Amino acid sequence: MNGKEFIELMYPTTWMFKKLEVNGEEAVMVRDSDGQIITEKEFYKMVVKVKRFYDSQKNNSEEIEKFNRYMNFNNLRGMSHDFSPLEPGYAYKIPEVECEFKEFNPNLQRKWSCKCGLCGEKISSDKDKGYFLLNFDKYIREMNIDTGNDWFTYRRACSLDCAKAQWKMLFKDWIFENNYEEFFIIE
C-alpha cells in the first residue's frame, strides 16, 4: 500500500470526535465535516473499514510509524520549515544556495567589516566590494544552530564558493539537529 492509498483509506472524509459524559461514563460523539452526527450505521461501516486496515497492517507497524513521521514533518510546514508536503518514501534534495551579494556603500564614513561564516576570512569595506548573504527564510523558518558567533555571522560569506559550502553545511546541521534525515537526500 503506498502513501496515497493509505491516506485515502484513513481519511475518506473528515470526522470530528467529541468527548462527552453519558450516565457518568466517558463517551465519544462522532460528527462529519459538516458538523452532523454520524449515524450508528455509518459508524459501523467505518469500523469495518478501520478493522480491515489494521488487520492488513499487523506485520507492518513500521509503515504506520513512517507515515506518522511524514505527517509530523508535513504538519510543521509553516512553523519550522516551508517545504511542500512530502509523501512517504520520497525525499528532498538540499536546495541550491539562495544568497545575494550585498555591495558595500562606497560612501561609508567609517570602515565596516565582518567575518566569513565558513572560513573566518575578514571581509572589509576598505578592501572588498561586498559579501554574500545567505537567505534561508524561503525554506527554514527558524535556524537555531549554535555557531559560537552572533546570529548574523553564519549567514555571511566572503565568496560564492564559501556561500555554497556554508549553505550545505548549515542545512545538514539543521537536518540532523531536527532528525529529518529520512526527508532529505544527504550527499
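Okay, so let's go over this structure. The structure presented is a predicted model; accordingly, all values stated were derived computationally and were not measured.

Comments concerning the nonpolar core
Soluble globular proteins tend to bury their nonpolar side chains together.
Working step 1: Residues F136, F171, W174 and F184 are the most contacted members of the largest nonpolar core, which totals 29 residues.
Working step 2: Among the secondary structure elements, those contributing two or more residues to this core are α3 (61–75), β7 (130–134) and α4 (160–177).
Working step 3: Residues in contact with F171, not counting those within four places in the same chain, are F83, I94, P95, F136, Y139 and I140.

What about the pattern of salt bridges?
Working step 1: Per the stated rule, a full pass over the model turns up 5 salt bridges.
Working step 2: A salt bridge links K51 to D55, with the shortest nitrogen-to-oxygen separation between them at 3.0 Å. One end of the pair, K51, and the other, D55, are both in helix α2 (residues 40–56), 4 residues apart, so they sit about a helical turn from each other.
Working step 3: E182 is the partner of R69 in a salt bridge, and the nearest nitrogen-oxygen pair spans 2.5 Å. With R69 in helix α3 and E182 in the loop between α4 and β9 (184–185), this pair connects stretches of sequence that are 113 residues apart.
Working step 4: Residue R69 is classed as partly exposed on the basis of its relative accessible area, which comes to 37%.

So, a nonpolar patch on the surface
Working step 1: Residues F43, Y44 and V47 make up a contiguous nonpolar surface patch of about 260 Å² in total accessible area.
Working step 2: As for its placement among the helices and strands, F43 is situated in helix α2.
Working step 3: The partly exposed category is assigned to F43, whose relative accessible area is 32%.

Details of unusual backbone geometry
Working step 1: The phi angle at N23 is positive, at roughly 50°, despite the residue not being glycine.
Working step 2: One can find N23 in the loop between β1 (15–22) and β2 (25–32).
Working step 3: The exposure class of N23 is exposed, given its relative accessible area of 77%.
Working step 4: One non-glycine residue, N179, adopts positive backbone phi at about 55°.
Working step 5: Tracing the chain through its elements places N179 in the loop between α4 and β9.

Reading the values: rules and limits
Residues numbered from 1 in each chain as written. Predicted model: local features only at pLDDT ≥ 70, side-chain atom pairs only at ≥ 80, totals over all residues. Heavy atoms only, no water. Core = buried A, V, L, I, M, F, W, Y, C linked by side-chain atoms within 4.5 Å. Buried < 20%, exposed > 50% of the residue type's maximum accessible area, 1.4 Å probe, protein only. Helix = DSSP H or I, 4+ residues; strand = E, 2+ residues; numbered from the N terminus. Contact = heavy atoms within 4.5 Å. Salt bridge = Lys/Arg side-chain N within 4 Å of Asp/Glu carboxyl O. Patch = residues over 30% accessible without salt bridge, like charges linked within 9 Å, V, L, I, M, F, W, Y side chains within 5 Å. Areas by Shrake-Rupley, 256 points an atom, 1.4 Å probe, with all protein chains shown as cover.

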